[in-house]
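Examination of the molecular architecture
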Amino acid sequence: MSLAAEVTETFEQLRETVAALHGELTRYELVIWTAGNISARVPGQDLMVIKPSGVAYDDLSAATMVVTDLHGNLVQGELAPSSDTAAHAYVYRHMPEVGGVVHTHSTYATAWAARGEPIPCVLTMIADEFGGEIPVGPFALIGDDSIGRGIVETLKWSRSPAVLMRNHGPFTIGRTARDAVKAAVMVEDVARTVHKSYQLGTPEPLSEQDVDRLYARYQNVYGQQGEK
Ligand SMILES: O=C(CO)[C@@H](O)[C@@H](O)COP(=O)(O)O
């Protein structure tokens, strides 16, 4: 297969994947109306596939996904890219290991972001997926590199794939777009659980040693990853 055909096939596969993953945001009730967005890096290219701005979730499909370079310039597609394209692009430029970025306004995680309070590591599931507390990033206005810079500056000091951008909402990253969606689903779940635990009392944080052990197991052994 020629390089052009291979890249075209990759585009099509990624368009399908990114479009389908947007359905997970509505399935898990992480977004309302047109809020939220998902992107995936195009492997080996300085390009990404991202949601078009302001398009209803029912109208999202492989055909409506758009391709931009990693400075947000439209490369393929008819629609304007997400208003968070600059943030996604900044993450891809500065975190080469990241293959997917997700942004939602999910209720409980966004409530923690509104308070500017990190979610403490008081659950084994937080240790498993986030490796410690889920950090808060700075308030930043949309439209330039500010949000992306806040995401990167916060996550470079954390094992967490989620950051609660102050007064805005969660952004999550992953090796793939699916991993980033998983982090978005899980950050909302633990945000709700920990919020409810505080309504009943004061939850106890896990020890650093236990967090490290839980994180290592979940990231390396859990599921079908272990020795066969
Ligand atoms: O949170 C923001 C911008 O940061 C929303 O506008 C965003 O969720 C949805 O914007 P798009 O429809 O992706 O342009």
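Attention in this report is confined to the structure presented alongside it. Since the model is a prediction, treat every value here as computed from it, not as a measurement.

Reading the values: rules and limits
- Residues numbered from 1 in each chain as written.
- Predicted model: local features only at pLDDT ≥ 70, side-chain atom pairs only at ≥ 80, totals over all residues.
- Heavy atoms only, no water.
- Helix = DSSP H or I, 4+ residues; strand = E, 2+ residues; numbered from the N terminus.
- Rg over C-alpha atoms; globule rule 2.2 N^0.38 Å.
- Buried < 20%, exposed > 50% of the residue type's maximum accessible area, 1.4 Å probe, protein only.
- Contact = heavy atoms within 4.5 Å.
- Areas by Shrake-Rupley, 256 points an atom, 1.4 Å probe, with all protein chains shown as cover.
- Lys, Arg positive; Asp, Glu negative; His and termini not counted.
- Charge placed at Lys NZ, Arg CZ, Asp CG, Glu CD.
- Near = heavy atom within 4 Å.
- Polar contact = N/O pair within 3.5 Å; in protein donor to acceptor, adjacent residues only side chain to side chain.
- Nonpolar A, V, L, I, M, F, W, Y, C, P; charged D, E, K, R; others polar.
- Pairing = 2+ DSSP bridges.
- Axes fitted to C-alpha atoms, helices over the stretch in contact; angles between N-to-C directions.
- Phe/Tyr/Trp six-rings, centres within 6.5 Å; stacked < 30°, edge-to-face > 60°.
- Lys NZ or Arg CZ within 6 Å of the ring centre and 35° of its normal.

**Details of the overall build of the protein**
Looking only at helices and strands, one finds seven helices and eight strands in the protein. Relative to a compact globule of 228 residues, whose C-alpha radius of gyration would be 17 Å, the protein shows 18 Å and is just as compact. In terms of overall dimensions, the protein has a C-alpha envelope of 55 × 45 × 30 Å along the principal axes. Per-residue burial over the protein gives 49% buried out of 228 residues. Residue pairs in contact within the protein that sit at least 24 positions apart in sequence constitute 64% of those at least 6 positions apart. Surface exposure of the protein reaches about 11,300 Å², of which carbon and sulfur atoms provide 52%. Taken as two groups, the 18 positive and 28 negative side-chain charges of the protein have centres that lie 4 Å from each other.

**What about the site of the ligand?**
Of all residues adjacent to the ligand, which total 14 residues, the nearest are S53, G54, S82, S83 and H105. N37 has a polar side-chain atom sitting 3.0 Å from an oxygen atom of the ligand. One of the side-chain nitrogen or oxygen atoms of S83 is found 2.6 Å away from an oxygen atom of the ligand. Computed on the free molecule, the ligand has an accessible area of 380 Å², of which 85% lies beneath the protein chains in the complex. When grouped by side-chain class, the residues that make up the shell around the ligand number two nonpolar, 10 polar and two charged.

**Quick look at the sheet that holds strand β1 (residues 37-41)**
In space, the eight strands of this open sheet follow the order β4-β3-β2-β1-β5-β8-β7-β6, with mixed pairing throughout. Where the open sheet ends on each side, the last strands, each with one partner, are β4 (74-76) and β6 (136-137). The sheet contact formed by β1 and strand β5 (residues 100-103) spans four bridges and is antiparallel. In the strand pairing of β5, A40 is matched with G100. The strands touched by helix α5 (residues 146-155) are β6, β7 (162-165) and β8 (169-174); relative to β7, the strand with the most contacts, the crossing angle is about 130 degrees.

**Details of the packing of aromatic side chains**
Scanning the model with the defined rule gives two aromatic pairs in all. A centroid spacing of 6.2 Å and a plane angle of 55 degrees characterise the contact between W112 and Y198, whose relative ring orientation is tilted. Placement of W112 in helix α3 (residues 107-115) and of Y198 in helix α6 (residues 177-200) is noted, with a sequence separation of 86 residues between them. A residue is classified by how much of its surface remains accessible, and W112, at 1% relative accessible area, is buried. Residue placement shows R115 over the ring face of W112; its charged tip is 4.5 Å from the ring centre. Just above the ring of Y215 sits the side chain of R159; from NZ or CZ to the centre is 4.4 Å.

**Observations concerning α5**
Of all 10 residues in α5, seven are buried; the element is thus mostly enclosed. Along its buried surface, α5 packs onto α2 (85-94), β6, β7 and β8.

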